[in-house]
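# Examination of the molecular architecture
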Amino acid sequence: IKFLNDHPTETIILMIKQEYSNANKEHFSKRVYDHIKKKGLSSFYLHNSVPKLDDVRGNIYIVRTFENKSGHSPFGVYAYWTNNTNGSFHSYNGIGWYVQDRYDLINEDYLEKVKYVKKTIKYAHEEQYNNVFHLNFVSGYDICTLWTTAEEINPAVDTYIKGVDKDWTNCGVIMINFAGGGDVNSGSRNCVPHLVQHILERNDGVPY
């Protein structure tokens, strides 16, 4: 909220997932709603719709992967996808979600993971409808560290992004660990310093 007060033309997409919790759906969704309400509902975009950017500037856009059993409506956009998916499509309330989230890299080769990422980027570019979100997780879980995984996967994704046609204006939402090393005090751990810049260039066609 402080960030949005300081940068009122920006928006934050906040995805909320119930994980490592035994609470029932009613209890969990009520607790989440109450917590949001305490922060001030006016700071959040809670409609179950795909907004234009101007509609959500200065707000936090709620995406939840749990059912709304709170008794309150609206309560953000609902999205859910197949566990550990290498690419699956689901639609809720007229909103489509194509998601690649193959997070189990213990039993998956890094090169296969890169193939899934590239396929989802291509699907996002080719999408004909404006009510489909493409969520593409570059991250994953392995017996190695998150940094090692990023070091193996991020450069290959960057090479692919740089190699696509310059007129591409949509690569979807790409979720990255160590995005240029900027999410932690990473020191020398900066395997792809311009990855975010290259994604931005392919998402709106404007060179940075």
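Residues numbered from 1 in each chain as written. Predicted model: local features only at pLDDT ≥ 70, side-chain atom pairs only at ≥ 80, totals over all residues. Heavy atoms only, no water.

## With respect to the nonpolar core
Ile 121, Val 138, Ile 153, Val 157, Ile 161 and Ile 174 are the most contacted members of the largest nonpolar core, which has 18 residues in total. Elements represented by at least two residues in this core include exactly α4 (110-126), α5 (146-163) and α6 (195-204). Ile 153 has contacts with Leu 105, Tyr 110, Lys 113, Val 114 and Val 138, leaving out every residue within four places of it along the chain. Membership of the second largest hydrophobic core comes to 13 residues, among which are Val 56, Ala 79, Trp 81 and Leu 135. (Core = buried A, V, L, I, M, F, W, Y, C linked by side-chain atoms within 4.5 Å. Buried < 20%, exposed > 50% of the residue type's maximum accessible area, 1.4 Å probe, protein only. Helix = DSSP H or I, 4+ residues; strand = E, 2+ residues; numbered from the N terminus. Contact = heavy atoms within 4.5 Å.)

## Here we look at the pairing of strand β6 (residues 95-100)
A large share of β6 lies buried, amounting to 6 of its 6 residues. Going residue by residue along β6, you find Ile 95, Trp 97 and Val 99 tucked away on one face and Gly 96, Tyr 98 and Gln 100 tucked away on the opposite face as well. Examined bridge by bridge, strand β5 (residues 88-92) and β6 share 5 bridges and lie antiparallel to one another. Bridge pairing in β6 links Tyr 92 to Ile 95. The hairpin formed by β5 and β6 contains 2 residues between the paired strands, and Asn 93 there has a positive phi angle of roughly 55 degrees. As paired strands, β6 and strand β7 (residues 132-137) are joined by 5 bridges and run parallel to one another. What sits directly across from Gln 100, in β7, is Asn 136. Crossover β6 to β7 through α4 is right-handed. (Pairing = 2+ DSSP bridges. Right-handed = clockwise from strand over helix to strand, strands pointing away.)

Geometry only, nothing functional implied.
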